[in-house]
Amino acid sequence: MKLLTHNILTSKCLKGVTVGYPLGIVCHTQAKEVKVNEVEFNPEFISRMIQKVDWPALCKAAENLGHSDDLPPAVVDDYENNEEFLKKAHHFLMEIEVINGDLICPETGRKFPVTDGIPNMLANEDEV
């Protein structure tokens, strides 16, 4: 699961949850639960995605995974024309992947497993 995906997921569908965002992120103690894969840099795509990303949530997720080095604490002005910033954003959004772990609802503590890079956000019948 890429951090871009994590940034848009919510547990708002659960009973009693009003916001459900951002989901906490925890990796299991197995080796290789987080992977960094090189992905072709597309500055236009990243530039369009920056306006949709909750930057503080991205920073927190990267920090929880131990990958917050070089992540700017805030979106820079004129980011569309700042290739260095776009490359850093690309790295964090597209290249860091959670392979195995849990996403945690910030309001209920309900865990959603991430297995082989796929988040399972299915709620039980009694939770909706």
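In what follows, the accompanying structure is described.

Quick notes on the rules
Residues numbered from 1 in each chain as written. Predicted model: local features only at pLDDT ≥ 70, side-chain atom pairs only at ≥ 80, totals over all residues. Heavy atoms only, no water. Core = buried A, V, L, I, M, F, W, Y, C linked by side-chain atoms within 4.5 Å. Buried < 20%, exposed > 50% of the residue type's maximum accessible area, 1.4 Å probe, protein only. Helix = DSSP H or I, 4+ residues; strand = E, 2+ residues; numbered from the N terminus. Contact = heavy atoms within 4.5 Å. Arc of directions from axis to C-beta. Pairing = 2+ DSSP bridges. Disulfide = S-S within 2.5 Å.

1. A word on the nonpolar core
Here comes step 1: Grouped together as the largest cluster of nonpolar side chains are 32 residues, with contacts concentrated most on L3, I25, I50, W55, L58 and L103.
Here comes step 2: Of all the secondary-structure elements, those providing two or more residues to this core are α1 (3-8), α2 (43-50), α3 (55-64), α4 (83-95), β3 (96-98) and β5 (111-115).
Here comes step 3: Considering every element that reaches this core, the biggest residue donor is α4, with 6 residues.
Here comes step 4: Each residue touching I50, except ones within four places of it in the same chain, is listed here: W55, V75, Y79, F85, L86 and A89.

2. Description of α2
Here comes step 1: Every buried residue belonging to α2 is among I46, S47, M49 and I50, and all of these are buried. Within α2, the buried residues cover an arc of 165 degrees as seen down the axis, which keeps them to one side.
Here comes step 2: Check the buried side of α2 and you find it contacts α1, α3 and α4.

3. Regarding the pairing of β5
Here comes step 1: Here β5 shows a buried face lined by F112 and V114 and an unburied face lined by K111, P113 and T115.
Here comes step 2: Looking at chain direction, strand β4 (residues 101-104) and β5 are connected through 4 bridges and run antiparallel. Counterpart to L103 in the pairing with β5 is F112.

4. So, unusual backbone geometry
Here comes step 1: Here Y21 and P22 are connected by a cis peptide whose omega angle stands at -10 degrees.
Here comes step 2: Within the secondary structure layout, P22 lies in the loop between α1 and β1 (24-27).
Here comes step 3: Phi is positive for D78, close to 55 degrees, though the residue is something other than glycine.
Here comes step 4: Looking at the secondary structure, you find D78 in the loop between α3 and α4.
Here comes step 5: On the basis of relative accessibility, which here comes to 48%, the residue D78 falls in the partly exposed class.
Here comes step 6: Of note, the phi angle at D116 is positive, near 55 degrees, even though the residue is not glycine.
Here comes step 7: Along the chain, D116 falls in the loop between β5 and β6 (118-119).
Here comes step 8: A relative accessible area of 61% places D116 in the exposed class.

5. Remarks on the state of the cysteines
Here comes step 1: Within this structure, the stated rule accounts for 0 disulfides.
Here comes step 2: Distance from the sulfur of C13, which forms no disulfide, to the nearest cysteine sulfur (C105) is 8.9 Å.
Here comes step 3: Among the residues examined, C13 registers a relative accessible area of 45% and is labelled partly exposed.

From the geometry alone we can't say anything about function, so treat these as descriptive.
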